[in-house]
Amino acid sequence: MTNADLIALAREMTLHSYAPYSHFHVGAALLCRDGRVYTGCNIENAAFGPTVCAERVAFFSAVRDGARDFERIAIVGGEEGRITSFTPPCGVCRQVMREFCRDDFTVVLSDGREIREFPLAALLPQSFSPADLGKE
Ligand code: THU
């Protein structure tokens, strides 16, 4: 599975985004080391707080299925689904990634033209992780 394939799946997921408040449609595609792919879209809520990001929908769907070993996640987003700039993951999603992923886990972003890769360690340096609770 190439980065371009993964970005294409993330892009497809933006079609399922429920974003009547922000109108910002996000899609994510999470690749497991065994080749499985889990996708997600953002799901907003009138009470705002319950809104979940596309990345967390993908991660929680994967964990629900027993997946625990992850390689890469592709993320795209844009107003009304028009992808014109990079959509980096929010801080909460970075922390969720850190729960299940090592420093070499890769975040793949695209602005619709270019694809960029970032190691999780670069996006969340000096992170608090399961190791800090003696759980690694
Ligand atoms: N959003 C995501 O789905 N992922 C991110 O990492 C950034 C933000 C969503 C949440 C909300 O529905 C909309 O984008 C605007 O913040």
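A. Representation of the state of the cysteines in the model. Inspection of the entire model under this criterion finds zero disulfides. You can see Cys-90 has no disulfide; the closest cysteine sulfur is in Cys-93, sitting 3.8 Å from it. Accessibility expressed as a relative area gives 29% for Cys-90, which makes it partly exposed. Residue Cys-101 stays outside any disulfide, its sulfur separated by 9.6 Å from that of Cys-32, the closest cysteine. We classify Cys-101 as buried; its relative accessible area is 4%.

B. Structural context of unusual backbone geometry. Phi at Glu-80 takes a positive value of approximately 55°, unusual for a residue other than glycine. With phi around 50°, Gln-126 is a residue other than glycine that occupies positive phi space. As for its position among the elements, Gln-126 is in the segment after α4 (120-123).

C. Up close: the site of the ligand. Taken together, Ser-22, Phe-24, Val-26, Asn-42, Glu-44, Thr-51, Cys-53, Ala-54, Glu-55, Pro-88, Pro-89 and Cys-90 make up the full set of residues adjacent to the ligand. One of the side-chain nitrogen or oxygen atoms of Glu-44 is found 2.5 Å away from an oxygen atom of the ligand. Cys-90 is positioned with one of its backbone polar atoms (N or O) 3.0 Å from an oxygen atom of the ligand. About the coverage of the ligand: the protein hides 79% of its 370 Å² of free accessible area. Listed by contribution, the elements that provide at least two residues to the shell around the ligand are β1 (24-32) and α2 (54-64). Among the residues making up the shell around the ligand, the classes are represented as seven nonpolar, three polar and two charged.

Rules used throughout
Residues numbered from 1 in each chain as written. Predicted model: local features only at pLDDT ≥ 70, side-chain atom pairs only at ≥ 80, totals over all residues. Heavy atoms only, no water. Disulfide = S-S within 2.5 Å. Buried < 20%, exposed > 50% of the residue type's maximum accessible area, 1.4 Å probe, protein only. Helix = DSSP H or I, 4+ residues; strand = E, 2+ residues; numbered from the N terminus. Near = heavy atom within 4 Å. Polar contact = N/O pair within 3.5 Å; in protein donor to acceptor, adjacent residues only side chain to side chain. Areas by Shrake-Rupley, 256 points an atom, 1.4 Å probe, with all protein chains shown as cover. Nonpolar A, V, L, I, M, F, W, Y, C, P; charged D, E, K, R; others polar.

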